[in-house]
Amino acid sequence: MMARARRGLREELRLYLVAVTSLSVAFLCVGGALLATTNLSAVAERWGESGRMSIYLRDGARAEDVAQLRMVLEGLPEVGSVESLSSEDARGLFLEHSEVSSDLASLPAEVFPPSLEVAIAEGTPIQRVDAISDRVGRFRAVSDVETYRSFFDRLGSLVSAGTNLALVLGLLVALCVFAVIGNTIRLAVARRRSEIEVMKLCGATDNFVRGPFVLEGTFQGAMSAVLAVLALGVLFSTVRSSIDASLAELMGTRAVFLDAWMLVALIAAGAIAGAAGSALSLRRYLTV
Amino acid sequence: MVRPFAFFRAGARADSRAAQRPILVFDGVFKYFREDQPTLKDVYLEVERGEFAFITGPSGAGKSTLLQLVYRKHTVDQGRILFCGRDIARLTDKSIPFLRRNLGIVFQDFKVIPHWTVFENVAIALEILAMPRRLVRSRVAEALERVGLAGRGQERTESLSGGEQQRVAVARAIVTEPALILADEPTGNLDPHLAIDILTLFEEINDTGTTVLFATHDHSLIASRDHRIVSIDEGRVIEARTGLRSWHGAVGGPGVAAVG
C-alpha cells in the first residue's frame with residue numbers, strides 16, 4: 001500500500017505541490033486565527049487576574065486616619081502594594097502621561113485629590129476586589145474608590161468579541177480547508193479513475209483501492225499543516241520583536257505562540273481532514 | 001492447474017462436485033436497462049469447463065451485457081447465473097471482488113494503465129491477492145512469456161503498439177490462473193492480422209484448460225476457427241452451435257435451432 005501511495009505521489013507530484021501550497025495558505029489562515037485567539041485569551045486572562053484600585057482621600061483627611069487605612073490595606077492578603085500619591089504627585093503624573101496642552105498645565109494641584117494607589121495581587125477574583133472596595137469606602141478619610149471595573153469590563157467584552165470572531169473565522173477557514181482538500185483529491189482521483197477501474201475489475205476490494213489514496217490525502221493534509229505552522233512560526237518571530245515591547249506596555253502581556261499541543265492538534269487535523277477528504281472523494285469511483 | 005485463491009469470499013471451501021458441473025449457466029436470465037425493452041430476454045446457456053465459445057451478434061445485441069452480468073458489473077433482473085455452481089446474482093457487494101479474482105477479463109480498449117510499466121500492469125492482479133513479491137515476479141515473468149512479451153516488463157505500456165498492449169491485458173487476465181476468461185471484443189481495435197494473433201493467444205490459453213468466452217462481431221474471425229458459437233440477437237440467444245460447420249449451417253438456414 002505504501003509503495004502504491006508513493007507511486008501516486010510521484011506521478012501526481014505537480015498536482016500535489018499545487019494542492020499542498022493552497023492548503024498551506026488555508027492552514028496558515030487557521031493558524032493565524034488560532035494565534036489571534038490564543039493571544040486575545042492571554043490578554044483576557046491577564047486582565048481578569050490583575051487589578052488596580054485608586055482610593056481618593058477627602059480634602060483635609062487626618063494623617064492618622066490615612067495611616068490606619070494604609071495599615072488595614074497592607075494587612076490584606078489580596079493587596080500587593082500600597083503607594084501614597086499627593087495632589088502634587090497626581091498632577092505631575094497627569095501632565096506627564098496625558099500630553100495635554102499648556103492651558104491645562106496651569107491647573108492647580110488642589111484639582112487632583114490625594115490618593116492611595118493599591119496594586120491587587122494576581123489571581124484575585126473580581127468579587128473580592130469589590131468587597132475590599134466596599135469596606136474601604138466606609139473609612140472616614142475616603143472620598144471615593146475607583147476599581148476601574150467598568151473599564152476592564154468593556155475591555156474584557158472587547159477581547160471576548162475578538163476571540164469569538166477569531167473562532168468563527170477559524171471555523172470558516174476549517175470548512176474551506178476541508179472543501180479544498182476534498183476537491184484536490186477528487187481531481188487526483190478523477191485523473192486516476194482508470195487505475196481504480198482496472199483494480200476493481202481485477203478483484204480489488206474497496207479498502208485495497210482506498211488505502212493508498214487515503215495515505216496520500218493524509219500526507220497532503222499533514223504536510224500542508226506542517227508548512228503552515230513553519231510559515232506562521234517565521235512570521236511570528238519576525239514581527240514579535242517589534243510588537244512585544246508595545247504590547248507589554250499597553251496590555252501587560254507578551255505575544256505568545258501556539259503551544260505544542262495546539263501545533264500537534266493542527267497537524268493532526270490536517271492529516272485527518274486529508275484522509276477523510278480522500279475517502280469521501282473516492283466513493284463515486286468505487287462502483288465499477 | 002493451481003488456483004490457490006479463495007472462491008467468492010475468503011475462507012470458502014472448494015466444492016469437489018463443482019468439477020462435474022458446467023462452469024457457467026445462464027438460467028432464464030432477463031436484463032432490462034429500459035422497462036419496455038429488455039437487453040437480454042430469457043437467456044438459457046451452459047458453458048462447459050475448458051470450452052472455447054464465441055459470443056457473437058450485431059452491435060447492441062447484448063454480447064457485452066451478457067459478459068458484464070458474469071463479472072457483476074450489472075445484476076440480473078430475472079433468472080440466475082451460476083458460476084461454478086454459485087448464483088452470481090445473489091452475491092453481496094463485498095463478495096464481488098472475490099468473484100472477479102476467479103475471472104480474467106479482457107476488453108476492446110485494453111484497459112491497461114499507460115504510464116505504468118508492463119510489469120506493473122500485470123503484477124497488480126497478483127498484488128490484489130497479497131502474493132509475496134518474489135512469487136509475483138516469477139508469475140508475471142511466466143505470464144509475459146506466454147503472451148510473447150518476455151523480457152519487456154520494464155517498458156512503459158504507452159510505448160507499446162496496440163497489439164502488444166492487448167497482450168499485456170491478456171497477461172494480466174491469465175496471471176492469476178482464473179477459471180474463466182471473459183474477452184469482450186478483444187480484437188475490436190486491432191487490424192485483422194493482429195486479431196488472429198490475439199485469437200491464437202486465447203486458444204493457447206484455452207489449451208491449458210481455461211474456459212474462454214470470446215465476444216466478437218467479426219465474422220471473418222469466427223469463420224476462421226471451429227469453436228462453439230453463441231449468437232445473440234435483440235437480447236435472445238437464438239442459436240448455440242458447436243463448430244464452424246454449424247455456424248455456416250445456421251447462417252445458411254437449415255439446421256437452426258433456437259435455444260433461448
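No experiment lies behind these values; they were computed from the predicted model shown.

## Re the overall build of chain B
On a plain count of helices and strands, chain B comes out with eight helices and 10 strands. Per-residue burial over chain B gives 55% buried out of 260 residues. Taking the contacts inside chain B whose residues are at least 6 apart along the sequence as the reference set, 71% of them involve residues at least 24 apart. For chain B, the computed accessible surface area is about 11,600 Å², with 48% contributed by carbon and sulfur atoms.

## Overview of the overall build of chain A
Regarding its fold elements, chain A presents 10 helices and four strands. Across the 288 residues of chain A, 38% fall into the buried class. The long-range share in chain A, meaning contacts at least 24 apart out of those at least 6 apart in sequence, stands at 83%.

## With respect to empty space enclosed by the protein
One pass over the structure, following the stated rule, counts three cavities of 30 Å³ or more. Taken as a whole, the largest cavity spans an internal volume of roughly 120 Å³. Lining the largest cavity are Leu201 and Cys202 of chain A together with Arg100, Arg101, Leu103, Gly104, Ile105, Phe107, Ala125, Arg172, Ala173 and Thr176 of chain B. Sorting the residues of the lining of the largest cavity by element identifies β6 (103-107) and α5 (162-174) of chain B as the ones contributing at least two each. The greatest single-element share of the lining of the largest cavity, amounting to four residues, is contributed by β6 of chain B. The residue makeup of the lining of the largest cavity, split by class, is seven nonpolar, two polar and three charged. Quantified by volume, the second largest cavity comes out at close to 60 Å³. Lining the second largest cavity, in full, are Arg4, Arg7, Gly8, Glu11, Arg192, Glu195, Met199, Pro212 and Phe213 of chain A together with Trp116 of chain B. Mapped by element, the contributors of at least two residues to the lining of the second largest cavity are α1 (2-11), α8 (193-201) and α9 (206-251) of chain A. Taken together, the residues of the lining of the second largest cavity sort by class into four nonpolar, one polar and five charged.

## Things to note about the packing of aromatic side chains
Two numbers describe a pair of aromatic rings. These are the distance of the centres and the angle of the planes. All names here are of chain B. A full pass over the atoms with the stated rule returns seven aromatic pairs over all chains. Considering the side-chain rings of Phe52 and Phe54, the 5.5 Å spacing of their centres and the 75 degrees angle between planes classify their relative orientation as edge-to-face. By the burial criterion, Phe52 is buried, and Phe54 matches it. A ring pair is formed by Phe54 and Phe214, whose centres lie 5.6 Å apart and whose planes are at 90 degrees; its orientation type is edge-to-face.

## Remarks on the side chain of Thr117 of chain B
Along the chain, Thr117 of chain B turns up in the loop between β6 and α3 (118-127). The contact partners of Thr117 of chain B, leaving out residues within four places of it in the chain, are Gly153, Gln154, Glu155, Arg156 and Thr157 of chain B.

## Overview of a nonpolar patch on the surface
Residue and element names in this part refer to chain A. Together, Leu165, Val168, Leu169, Leu172 and Leu175 make up a nonpolar patch on the protein surface, roughly 500 Å² of accessible area in all. Counting through the fold element by element, Leu169 comes out in helix α7 (residues 149-191). Assessed through its relative accessible area of 44%, Leu169 is described here as partly exposed.

## Quick word on the sheet that holds strand β1 (residues 51-57) of chain A
All names here are of chain A. With antiparallel pairing, four strands are arranged side by side in an open sheet as β2-β3-β1-β4. Single-partner strands in this sheet number two, and they are β2 (79-85) and β4 (142-146). Put simply, the sheet's adjacent strands are angled 20 degrees from each other on average, direction ignored. Where β1 meets β4, four bridges bridge the pair, whose relative direction is antiparallel. Bridging from a neighbouring strand, Tyr56 pairs with Asp144 of β4. The sheet strands contacting helix α6 (residues 126-137) are β1, β3 (115-120) and β4, and the helix crosses β4 at an angle near 170 degrees.

Each value, and the rule that gives it
- Residues numbered from 1 in each chain as written.
- Chains lettered and ligands numbered in written order.
- Predicted model: local features only at pLDDT ≥ 70, side-chain atom pairs only at ≥ 80, totals over all residues.
- Heavy atoms only, no water.
- Helix = DSSP H or I, 4+ residues; strand = E, 2+ residues; numbered from the N terminus.
- Buried < 20%, exposed > 50% of the residue type's maximum accessible area, 1.4 Å probe, protein only.
- Contact = heavy atoms within 4.5 Å.
- Areas by Shrake-Rupley, 256 points an atom, 1.4 Å probe, with all protein chains shown as cover.
- 1 Å grid on protein atoms, 1.4 Å probe; cavity = no way out; pocket = protein on both sides within 12 Å on 5 of 7 lines; lining within 4 Å.
- Points joined across faces, edges and corners; volume = space filled by probe spheres on them.
- Nonpolar A, V, L, I, M, F, W, Y, C, P; charged D, E, K, R; others polar.
- Phe/Tyr/Trp six-rings, centres within 6.5 Å; stacked < 30°, edge-to-face > 60°.
- Patch = residues over 30% accessible without salt bridge, like charges linked within 9 Å, V, L, I, M, F, W, Y side chains within 5 Å.
- Salt bridge = Lys/Arg side-chain N within 4 Å of Asp/Glu carboxyl O.
- Pairing = 2+ DSSP bridges.
- Axes fitted to C-alpha atoms, helices over the stretch in contact; angles between N-to-C directions.

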